[in-house]
Amino acid sequence: MTNHDAVSEGIDPSTPSVARMYDYYLGGKDNFASDREAAEQFIQVLPGIRQMVRENRAFLSRSVEFVARQGVDQFLDIGSGLPTRENVHEVAHRVTPEARVVYVDIDPIVLSHGRALLEDNPHTSVVQADMREPELLLTHPEIDGVVDFTRPVAVLLTAMLHFVPDEAVVTRILTAIRERLVPGSHVIVSHAFEGDVSAEVHEAGQRPYRLTNAGGLTSRGPERLAELMEGLEILEPGVVPVHAWRPASPEDGEDVVIDLTAPGILGLVGRR
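I will try to describe carefully the structure that is included in this document.

The rules behind these values
Residues numbered from 1 in each chain as written. Predicted model: local features only at pLDDT ≥ 70, side-chain atom pairs only at ≥ 80, totals over all residues. Heavy atoms only, no water. Axes fitted to C-alpha atoms, helices over the stretch in contact; angles between N-to-C directions. Helix = DSSP H or I, 4+ residues; strand = E, 2+ residues; numbered from the N terminus. Parallel < 35°, antiparallel > 145°, perpendicular 65-115°, else oblique. Contact = heavy atoms within 4.5 Å. Nonpolar A, V, L, I, M, F, W, Y, C, P; charged D, E, K, R; others polar. Phe/Tyr/Trp six-rings, centres within 6.5 Å; stacked < 30°, edge-to-face > 60°. Buried < 20%, exposed > 50% of the residue type's maximum accessible area, 1.4 Å probe, protein only. Core = buried A, V, L, I, M, F, W, Y, C linked by side-chain atoms within 4.5 Å. Pairing = 2+ DSSP bridges. Salt bridge = Lys/Arg side-chain N within 4 Å of Asp/Glu carboxyl O. Polar contact = N/O pair within 3.5 Å; in protein donor to acceptor, adjacent residues only side chain to side chain. Left-handed = near helix turned anticlockwise from the far one by under 90°.

1. Section: the packing of helix α3 (residues 33–45) against helix α10 (residues 199–210)
Where α3 meets α10, the closest approach of the two axes is 8 Å, and the angle between their N-to-C directions is 170°. Here α10 runs roughly antiparallel to α3, going by the angle between their axes. Only Val201, Ala204, Gly205, Pro208 and Tyr209 of α10 make contact with α3, whose side of the interface consists of Ala38, Gln41, Phe42 and Val45. Among the residues making up the contact of α3 with α10, the classes are represented as 7 nonpolar, 2 polar and no charged.

2. A few points about the packing of aromatic side chains
Each pair of aromatic rings is reported with the distance of its centres and the angle of its planes. Taken as a whole, this structure holds 5 aromatic pairs when the rule is applied. Relative to tyrosine 209, the ring of phenylalanine 42 lies with its centre 5.0 Å away and its plane at 90°, an arrangement referred to as edge-to-face. Residue phenylalanine 42 is located in helix α3, and its partner tyrosine 209 is located in helix α10; the two are separated by 167 residues in the primary sequence. This pair shows no difference in class: phenylalanine 42 is buried, exactly as tyrosine 209 is.

3. What to know about the nonpolar core
Within the largest apolar cluster, 45 residues are counted, with the highest numbers of intra-cluster contacts made by Tyr25, Ile49, Val64, Val67, Phe75, Val88 and Tyr209. If you tally residues by element for this core, the top one is helix α4 (residues 49–69), at 9 residues. Among residues more than four places away in sequence, those in contact with valine 67 are Val72, Phe75, Ala154, His186, Ile188 and Val269. Ile78, Leu157, Val164 and Leu232 belong to the second largest nonpolar core, which has 35 residues in total.

4. Points about the pairing of strand β3 (residues 124–128)
In terms of residue burial, β3 counts as a mostly covered element, since 4 of its 5 residues are buried. With 5 bridges connecting them, strand β2 (residues 100–105) and β3 associate as parallel partners. Looking across to β3, one finds that aspartate 105 is bridged to glutamine 128.

5. Details of the pattern of salt bridges
As enumerated under the stated definition, the model contains 15 salt bridges in all. The salt bridge partner of arginine 50 is glutamate 40, with a shortest N-O separation of 3.8 Å. Of this pair, arginine 50 sits in helix α4 while glutamate 40 sits in helix α3, and the two are 10 residues apart along the sequence. Take arginine 50: its relative accessible area is 27%, and that puts it in the partly exposed class. Between glutamate 167 and arginine 220 there is a salt bridge, with its nearest N and O atoms 2.9 Å apart.

6. Brief notes about the environment of arginine 272
Among the secondary structure elements, arginine 272 is positioned in the segment after β8 (264–271). Distance from arginine 272 to valine 187, taken between C-alpha atoms, is 8.1 Å for residues 85 residues apart in sequence. For arginine 272, the residues in contact, after removing those within four places along its chain, are Arg178, Leu181, Val182, Pro183, Gly184, Ser185, Gly231 and Leu232. There is a polar contact of 3.2 Å between the side chain of arginine 272 and the backbone oxygen of leucine 181.

7. Considering the pairing of strand β4 (residues 154–158)
With respect to burial, β4 is a largely interior element, 5 of its 5 residues being buried. Both faces of β4 are covered, namely the face carrying Ala154, Leu156 and Thr158 and the face carrying Val155 and Leu157. When β4 meets strand β5 (residues 186–193), the two strands line up parallel, connected through 5 bridges. Across the sheet, the residue bridging to threonine 158 is serine 190, located in β5.

8. Some thoughts on the side chain of threonine 124
Its place among the elements puts threonine 124 in strand β3. Aside from chain neighbours lying at most four places away, what touches threonine 124 is His89, His93, Arg100, Val101 and Leu118.

9. Considerations on the side chain of arginine 20
As for its position among the elements, arginine 20 is in helix α2 (residues 18–25). On the accessibility criterion, arginine 20 (2% relative accessible area) is buried.

10. Things to note about helix α6 (residues 108–118)
Where α6 is concerned, the buried positions are Ile109, Val110, Leu111, Gly114 and Leu118. Of the surrounding secondary structure, the elements contacted by the buried residues of α6 are α2, α5 (88–95), β2 and β3. The backbone nitrogen of isoleucine 109 has a side-chain oxygen 2.8 Å away, supplied by the residue at the start of α6, namely aspartate 107.

11. A short note on the packing of α2 against α3
Look at α2 against α3: their axes get within 9 Å of each other, and the N-to-C directions meet at 65°. In terms of crossing hand, the pair formed by α2 and α3 is right-handed. When α2 is examined against α3, the residues Arg20, Met21, Tyr24 and Tyr25 are found in contact with a partner set consisting of Asp35, Arg36, Ala38, Ala39, Glu40, Phe42 and Ile43. Looking at the contact of α2 with α3 residue by residue, the class counts come to 7 nonpolar, no polar and 4 charged.

Spelled out as C-alpha cells, the structure:
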C-alpha cells in the first residue's frame, strides 16, 4: 500500500504500527517507512526478534492445531494482525474444514487486507474492535452473531497483551473472556518477556515502541501470566518460551533450552 492509499483510508503512515512492525519482522511487505525505521531500531536492541516472532507464529500453529484436535471448531483471534503464512483458519481448516474463524483487529490496514484475502471464504470473517473494551468486543454483532458462546470456543491473544500496560485493563480483558466461555473452551496467549535485561537495554527497547500506535511495550513473566489465567487450567508444559511449548516432534524437544533470564516470548494454553 502506498502512502497516498493509506491517507485515503484515514491511516497516518508516519506513525509506526505494531501490526506492521510485526509484519516487517516476519519479512512481509505490508509496512511503511516509519514501521521499518522503528522495527530496525528495535532490532538493534534485540537482534533475535525476527527469530522470536517466527517462533511465535509456530506456537500459534501448534496450539491452534492442538485445540482443533480437541474438537473445538470456533476460533476468535483477537489482535490478529496482518495476514501471513499459517493463519488461524489455514491451520484449523486442516483439522476441521468447516471451523469458524473470526479475526479481530483495530488497525484499518489489517481489516482491509484481511477482508480482501478472505472475501471468498464462507467460514472466516474480519471484524474491527478494540480488545481494551472487551465487553463491547464480545457483544459486537459481527462476533456475537457468528461465534456461539454456548459451545466451546478458542480465544487467541497472541503477542497482544504486552501492548496493554494497565494491569487492571489486562485483568478485565481476561475476566470478560473467561466469563463468556463454557467448559471445553481454550485461551491461547503469547506475551513479551524481557528477562533480566539491564535498565539501559530496557529503555532502549521502549523508545521505538513509544512512537507506535500502542505507545509502549510491557513485559510480564510466568508468574504474572499464570495469575491472569485464574479460573482456567493451564495445560502442560505450563508458561514457557513459545519454542518450548509442545515442540512439533520429540526430536525437536530434545534440544529445547529454557532460559528465563533472556528476553523472549512466553506462551501458554488455558482450558475452561
